[in-house]
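Listed below, chain by chain, are the residues.
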Amino acid sequence: LELLAALKMEKIGVAMTTPMFTYLEKQLEQRFNLFKLWIHPLNSDYLQQNAKSIRAVVGCTKIGADANLIDTFPALEIVASFSVGIDKIDLPKCRVKGIRVTNTPEVLTDDVADAAIGLAIAVSRRICESDRFVKSGSWTKGGLGLGTKFNGKSVGIVGLGRIGSAIAKRAEAFGCSISYCSRNEKHHSGYKYFPSVVDLAANSQFLFVACNLTQETKHIINREVIDALGPNGILINVGRGAHVNESELVSALLEGRLGGVGLDVFENEPHVPEQLLELENAVLLPHVGTDTIETTIAMADLVIGNLEAHFRNEPLITPVI
Ligand code: DGY
């Protein structure tokens, strides 16, 4: 029976939107009839001829499933995202068409929170700048300026979901006081709730962004918030680039209205505003918050697990819809 079920799955067409992780690609290839859209794009004859056989799409934060992609596959049943963020998936369209959607929550929470704290310390203790200082031979010529403490500071978190809570837990261990702002007030004992991001920023020395990207949270970090955080404040974003109005961020840094910034995400990845590249108080990562071997494998296994569950008519492991 197992063998029969496996043979049946081999015929199911699954489209992968872009190269993500070789292990995931191999696992998909072993189980399904895999179509790689970077080799056979949507408008290619080959893909068009096979479009009707494609019942699943595997997307990620780079290329998800927009309306055009969804419409290309008339038999599409499920979109499995190799990410927790689902902002690159046209959810309303999936809802209307009855297409299921899954993501990869939980398994990546700790790594993203670790990356957020790493960024905070890297910016405040000038870790990357210090590394460049030593490697460039400057140490023999003089000293580097002082950093600022992370431990004991007031930390504000925008979005107290899984990742925001994991950041809070870590910051608590550093003796920080925690405040937050969240879609739903959660009355977390010991954490102070602010209904407005501006007020949260005004009461924080470090502001972490860890919420989902929606219409409401786009550019939630604007000039007003940045000015409330102030010239000694440090902003950390591990959510999505579009949470931050990048041109207002760049102006604030250039004018000394913000102390520093640590970013793992950018609005137009892989493009980064050029002026940020020159700034010592900006630590920039190429969207690697989840990028550990262990977590990336766990995310891939969740994608596979969700697809297999769907095609076996079993409950999805991590359904979004
Ligand atoms: C996610 O899972 O959404 C992360 O941003 C990695 O893509």
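Each value, and the rule that gives it
- Residues numbered from 1 in each chain as written.
- Predicted model: local features only at pLDDT ≥ 70, side-chain atom pairs only at ≥ 80, totals over all residues.
- Domains from an automatic or database assignment.
- Contact = placed C-beta atoms within 7 Å.
- Core = buried A, V, L, I, M, F, W, Y, C linked by C-beta atoms within 7 Å.
- Buried ≥ 20, exposed ≤ 12 C-beta atoms within 10 Å, placed from the backbone.
- Helix = DSSP H or I, 4+ residues; strand = E, 2+ residues; numbered from the N terminus.
- Expected span 1.5 Å × (residues − 1).
- Near = placed C-beta within 6 Å.
- Nonpolar A, V, L, I, M, F, W, Y, C, P; charged D, E, K, R; others polar.
- pLDDT = per-residue confidence, 0-100.
- Pairing = 2+ DSSP bridges.
- Axes fitted to C-alpha atoms, helices over the stretch in contact; angles between N-to-C directions.
- Parallel < 35°, antiparallel > 145°, perpendicular 65-115°, else oblique.
- Left-handed = near helix turned anticlockwise from the far one by under 90°.

Caption draft 1: Quick look at the domain arrangement of the protein. With domains assigned, the protein is organised as domain 1 (2-107 + 293-311) and domain 2 (109-284). Between the C-alpha centres of domain 1 and domain 2 the distance comes to 33 Å. Listed by partner, the interface residues are five residues for domain 1 and six residues for domain 2.

Caption draft 2: Broad picture of the nonpolar core. Grouped together as the largest cluster of nonpolar side chains are 87 residues, with contacts concentrated most on Ala-116, Val-158, Ile-167 and Phe-208. Take this core: its biggest share by element is nine residues, from helix α6 (residues 109-124). Inspection of this core shows a minimum of three residues originating in each of domain 1 (2-107 + 293-311) and domain 2 (109-284). Setting aside residues up to four positions removed in sequence, Val-158 forms contacts with Cys-181, Val-197, Leu-200, Leu-207, Phe-208, Val-209, Ala-210, Cys-211 and Ile-220.

Caption draft 3: Summary view of helix α8 (residues 162-173). Helix length check: α8 (twelve residues) gives 17 Å between terminal C-alpha atoms against 16 Å at 1.5 Å per residue, within 8%. Buried positions along α8 lie against α6, β6 (154-158), β7 (177-181) and β9 (206-209). One or two positions beyond α8, positive phi appears at Gly-175, with a value near 75 degrees.

Caption draft 4: Fine view of the site of the ligand. Lining the immediate environment of the ligand, one finds Thr-61, Ser-83, Val-84, Gly-85, Leu-108, Gly-289 and Thr-290. Residues belonging to the shell around the ligand are distributed by class as follows: two nonpolar, five polar and no charged.

Caption draft 5: Quick peek at the confidence of the model for the protein. Here the protein shows a mean pLDDT of 96. Residues at 70 or above account for 98%. On the interface metric, ipTM, the complex scores 0.97, and its pTM is 0.96.

Caption draft 6: Region of interest: the sheet that holds strand β8 (residues 192-193). Reading across from one edge, β8-β7-β6-β9-β10-β11-β12 is the order of the seven strands in this open sheet, with parallel pairing throughout. Every interior strand has two partners, whereas the edge strands, β8 and β12 (282-284), have only one. Here four bridges tie strand β10 (residues 234-237) to strand β11 (residues 260-263), and the two strands are oriented parallel to one another. The residue bridging Asn-237 from the neighbouring strand is Leu-263, located in β11.

Caption draft 7: Structural view of the sheet that holds strand β4 (residues 78-81). Taken in spatial order, the five strands line up as β2-β1-β3-β4-β5 in an open sheet, and their pairing is parallel. Both edges of this open sheet fall to β2 (33-36) and β5 (100-102), since each of them pairs with a single strand only. Shown here is a sheet whose adjacent strand axes are inclined to one another by a mean of 20 degrees, direction ignored. Inspection of the sheet shows strand β1 (residues 13-16) paired to β2 by four bridges, in the parallel sense. Directly across from Gly-13, in β2, lies its bridge partner Asn-33. Strands in contact with helix α2 (residues 22-31) are β1, β2 and β3 (54-59); relative to β1, the strand with the most contacts, it is inclined by about 165 degrees. Along the sheet, helix α13 (residues 293-311) contacts β1, β3, β4 and β5; its crossing angle with β4, the most-contacted strand, is approximately 165 degrees.

Caption draft 8: Representation of the pairing of β11 in the model. Of the two faces of β11, the one carrying Gly-260 and Gly-262 and the one carrying Val-261 and Leu-263 are both buried. Bridge count between β11 and β12: three bridges; the pairing is parallel. Note that in β12 the partner of Leu-263 across the bridge is Leu-284.

Caption draft 9: Representation of the packing of α6 against α8 in the model. Where α6 meets α8, the closest approach of the two axes is 8 Å, and the angle between their N-to-C directions is 50 degrees. It follows that α6 is oblique to α8 by the angle criterion. Here the hand of the crossing between α6 and α8 comes out right-handed. Residues Thr-109, Asp-110, Val-112, Ala-113, Ala-116 and Ile-117 of α6 touch α8, and the partners they reach there are Arg-162, Ile-163, Ala-166, Ile-167, Arg-170 and Ala-171. A per-class count over the contact of α6 with α8 returns eight nonpolar, one polar and three charged.

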